[in-house]
Amino acid sequence: MKKILISLFLMLFFTSGCSSSNVSDNSIKQSDIKGYWLQVEKDWSGDVTDLTNNKNSYLEITDNRLFFYSYYWDTETYGVSDKYYKLEKDKIYYDYYELKGNDWKENMDEAFGGILNVSIKDGKLILTEYNNDKNKDDGYETNTYKKIDVKDWPIEE
């Protein structure tokens, strides 16, 4: 009886230990993405532009909003495009309209909403949007951002 109990215990221990250690969690935490970001690269379906020395595109991420800032040379001001968002695992669901209620995914506006795939590599925020929401075969846009300190934020509020 003692051998059976020990065998069951060991079997449960190894089964639960192995299954939990192999689980991969690709979740991005909101605290990882909140803050001020400078765009350093743009990849439009393989056409890559290095923006490291071009301090004209910024991103501010708050609790529920994305603010994309672009510098306009003709007016010497920054324009802003803001969107509401929800973060789930490694995806940002965004829309110009507030995402609320239990059915917010079903109510996202097709013309103004979308999905950004999020990753963080070498301390940089990488946002990829696929033309068909699934893969790069039909086109994509990847924007890479470097986190900056609020003291380096050029936008006057």
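Residues numbered from 1 in each chain as written. Predicted model: local features only at pLDDT ≥ 70, side-chain atom pairs only at ≥ 80, totals over all residues. Heavy atoms only, no water.

A. Region of the structure containing the overall build of the protein chain. A tally of helices and strands in the protein chain yields two helices and nine strands. Reading the protein chain from its N terminus to its C terminus gives the helix and strand order α-α-β-β-β-β-β-β-β-β-β. Taking all 157 residues of the protein chain together, 32% fall into the buried category. Sequence-distant contacts in the protein chain: of pairs separated by 6 or more residues, those separated by 24 or more amount to 40%. Entry remark: accessible area of the protein chain is about 10,900 Å², with carbon and sulfur atoms responsible for 50%. (Helix = DSSP H or I, 4+ residues; strand = E, 2+ residues; numbered from the N terminus. Buried < 20%, exposed > 50% of the residue type's maximum accessible area, 1.4 Å probe, protein only. Contact = heavy atoms within 4.5 Å. Areas by Shrake-Rupley, 256 points an atom, 1.4 Å probe, with all protein chains shown as cover.)

B. Region of interest: unusual backbone geometry. If you check the backbone angles, Ser45 has positive phi at about 50 degrees while not being a glycine. Along the chain, Ser45 turns up in the loop between β1 (35-44) and β2 (47-50). Given the relative accessible area of 39%, Ser45 is considered partly exposed. A positive phi is found at Asp122, a non-glycine position, where the angle reads about 55 degrees.

C. Seen up close, the packing of aromatic side chains. Overall, the coordinates contain nine aromatic pairs when judged by the stated rule. Where Tyr71 meets Trp73, the ring centres are 4.7 Å apart and the plane angle is 80 degrees; that geometry is what we call edge-to-face. The exposed category is assigned to Trp73, whose relative accessible area is 60%. Measuring from ring centre to ring centre gives 5.0 Å for Tyr71 and Tyr78, while their planes differ by 65 degrees; the resulting arrangement is edge-to-face. Over the ring of Tyr84 we find Arg65, and its NZ or CZ is 4.3 Å from the ring centre. (Phe/Tyr/Trp six-rings, centres within 6.5 Å; stacked < 30°, edge-to-face > 60°. Lys NZ or Arg CZ within 6 Å of the ring centre and 35° of its normal.)

D. How the structure looks around the nonpolar core. In this structure, Ile33, Leu59, Ile61, Leu66, Ile92, Leu125 and Leu127 are the most contacted members of the largest nonpolar core, which totals 14 residues. Sequence-distant contacts of Leu66, defined by excluding residues within four places in its chain, comprise Leu59, Glu60, Ile61, Ser81, Asp82, Lys83, Tyr85, Ile92, Tyr94 and Leu116. (Core = buried A, V, L, I, M, F, W, Y, C linked by side-chain atoms within 4.5 Å.)

Any functional reading would require information that these geometric values do not contain.
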